[in-house]
Amino acid sequence: MISLKKNYDAIVVGAGPAGSTTGALLAEKGRDVLIVEKEKFPRYHVGESLMPFCYFPLERLGLIDTLMESANPRKYCVQFVRQDGFLSQPFYFFQHFDHPSSTTWQVWRSEFDKMILDKARSNGATVMEETKAKNLIKSGDRVEGITVESEEFGSLELRAPIVVDASGRDCFAAHKQKWKIRDPELKKIALWTYYKGAKRDPGLDEGATTVAYLPNKGWFWYIPLSGDMVSVGIVAERDYLFNGSTKDHEEIFQREVLNNEWIKEHLAEAEQTGEYRITGEYSYRNRYCASEGLVLAGDALGFLDPVFSSGVFLALKSGVMLADEIDLALDAGDLSAKSFDRYGKRMQSSIETMRKIVYAFYDQDFSFGDLAKRGDHLRAALTDCLIGNVDDNEFRELFDAMSDLADLPEPVEHGLTTASS
Ligand SMILES: Cc1cc2nc3c(=O)[nH]c(=O)nc-3n(C[C@H](O)[C@H](O)[C@H](O)COP(=O)(O)OP(=O)(O)OC[C@H]3O[C@@H](n4cnc5c(N)ncnc54)[C@H](O)[C@@H]3O)c2cc1C
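The model shown is predicted, which means the values in this text are computed figures rather than measured ones.

Asks: Pulling in residues and values, what's your account of the overall build of the chain?
Replies: In terms of helices and strands, the chain carries 14 helices and 22 strands. Taken over C-alpha atoms, the radius of gyration comes to 21 Å for the chain, in line with the 22 Å a tight globule of 421 residues would show. In terms of overall dimensions, the chain has a C-alpha envelope of 60 × 45 × 45 Å along the principal axes. Classification of the 421 residues of the chain by burial places 48% in the buried group. Expressed as a percentage of contacts within the chain between residues at least 6 apart in sequence, the contacts between residues at least 24 apart total 74%.

Spelled out as structure tokens, the structure:
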């Protein structure tokens, strides 16, 4: 049984990659951290494909050796497949950046997220599972803690000078503050399931993420996992998926399998397992990333789209940055919104970079092949974005060239702190 204190240095809501990373690294610095998680781990989560630059947060967490020894398939590349089954030449990350980070992993999120939470625990963080954050405790505009409902302890008030909301798409704090703002254009839905015994490509491509196109810029993801399993999902417009005679998820999914030759062939001998899962309304950025005594991380700050697998990377990255910023702010005795200005600006810049690439991907007139033909330097800049090498770079030349080929979005101005907005 864990013993609880009345006050902590930091309270983290949610034990996904963002929350557990923040908690693990703050605890490593000797801070008194409480992580509150509504589920019992290991728990299911979508989002199995990692981006190469996840390597650096995972290295900071001391988890690279564990991943190296794991049975997780190695991901060396992303490959793109046309509807007729034509596979474009895969581009291997190591051709661009000769560094261990260029090999990444396809992970079961139940195991991956538990691995980071266990690290937080072993670093000294207190973890309450099956405990749901219910409300923010406020004094005027300042957040001073949270109320929780716990399986073990019942209703409690917990206090800290900073609350980190890492509750994922639940956006615990943003909902309370009415901060959630949907992306003006990205309005896709995702429908997915799992297969056993599906075909794997040979050699280095065995663990590749495959993006296989459907009509109207819809697409399949195909993510090989350990245990001879593959995660297979569709991302498309609601009107496209539900325009036929059926609303049945299995029938829609199986109808679309026939719309891509490569997917059809790879699943031909495989056995579908478990349920068909569906989600939508996932593209948003919250009005602020921090206010007095409160800061948001990972999906609780914003989420773009499943394409390019940027979600876990941005969650890990925000967790690392926040642990460092909170540690400095605790030393300075100043947990005001302005302490997180630098954090907000860096996260906004990374998210905006990825957002432009996502918009281009869905533009009917755009193709990455056309962009690459305009010069190797553009291909290299694009690859930097796709591996997550997005810090301190505005990619001006890349986006100038891309805007000739696609409608790129105006930057979303919100998402900074209440102090800097
Ligand atoms: C269809 C789809 C496919 C995706 N595919 C990929 C992919 O291939 N690769 C990739 O990198 N990303 C992918 N993502 C995105 C990825 O899943 C997320 O970006 C990532 O999980 C964010 O991590 P997080 O820590 O911010 O939140 P989460 O991982 O969602 O963790 C939040 C945690 O908070 C807990 N919680 C919520 N509310 C409360 C509360 N009130 N009290 C206590 N605990 C609470 C939840 O139980 C959860 O454990 C995908 C997303 C979608 C929608």
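Now, onward.
Asks: Tell me about the packing of helix α10 (residues 311–332) against helix α11 (residues 341–362), and please be specific about residues and values.
Replies: Two numbers describe how α10 lies on α11: the axes approach to 10 Å, and their chain directions differ by 165°. Taken as axis vectors, α10 and α11 run roughly antiparallel relative to one another. The handedness of the crossing between α10 and α11 is right-handed. Contacts from L314, K317, S318, M321, L322 and E325 in α10 reach R342, Y343, R346, M347, S350 and I351 in α11.

Asks: Talk me through the domain arrangement of the chain; I want residue IDs and the actual numbers.
Replies: What the domain assignment reports for the chain is domain 1 (1–72 + 107–184 + 282–421) and domain 2 (74–104 + 188–280). Between the C-alpha centres of domain 1 and domain 2 the distance comes to 25 Å. If you list the elements that add at least two residues to the side of domain 1 that touches domain 2, you get α2 (55–60) and α13 (376–387). Of the residues forming the side of domain 1 that touches domain 2, the biggest block, three residues, is contributed by α13. Of the residues assigned to the side of domain 1 that touches domain 2, the class counts are 16 nonpolar, five polar and two charged.

Asks: Go over the pairing of strand β2 (residues 33–36) with me, naming the residues and quoting the values.
Replies: Of the two faces of β2, both are covered, the one formed by V33 and I35 as well as the one formed by L34 and V36. Sheet analysis places strand β1 (residues 10–13) next to β2, joined by four bridges and oriented parallel. From the neighbouring strand, I11 faces β2, where its bridge partner is L34. Crossover connection from β1 via helix α1 (residues 17–28) to parallel β2: handedness right-handed. Here β2 runs beside strand β7 (residues 126–128); their pairing, made up of three bridges, is parallel. Within the sheet, the bridge partner assigned to I35 lies in β7 and is V127.

Asks: Tell me about the sheet that holds strand β8 (residues 131–139), and please be specific about residues and values.
Replies: Read across the open sheet, the three strands follow the order β8-β9-β10; overall the sheet is antiparallel. Sheet topology places β8 and β10 (154–159) at the edges, where each strand pairs with a single neighbour. Geometrically, the sheet is characterised by an average inter-axis angle of 25° between neighbouring strands, direction not taken into account.

Parameters at a glance
- Residues numbered from 1 in each chain as written.
- Predicted model: local features only at pLDDT ≥ 70, side-chain atom pairs only at ≥ 80, totals over all residues.
- Helix = DSSP H or I, 4+ residues; strand = E, 2+ residues; numbered from the N terminus.
- Rg over C-alpha atoms; globule rule 2.2 N^0.38 Å.
- Buried ≥ 20, exposed ≤ 12 C-beta atoms within 10 Å, placed from the backbone.
- Contact = placed C-beta atoms within 7 Å.
- Axes fitted to C-alpha atoms, helices over the stretch in contact; angles between N-to-C directions.
- Parallel < 35°, antiparallel > 145°, perpendicular 65-115°, else oblique.
- Left-handed = near helix turned anticlockwise from the far one by under 90°.
- Domains from an automatic or database assignment.
- Nonpolar A, V, L, I, M, F, W, Y, C, P; charged D, E, K, R; others polar.
- Pairing = 2+ DSSP bridges.
- Right-handed = clockwise from strand over helix to strand, strands pointing away.

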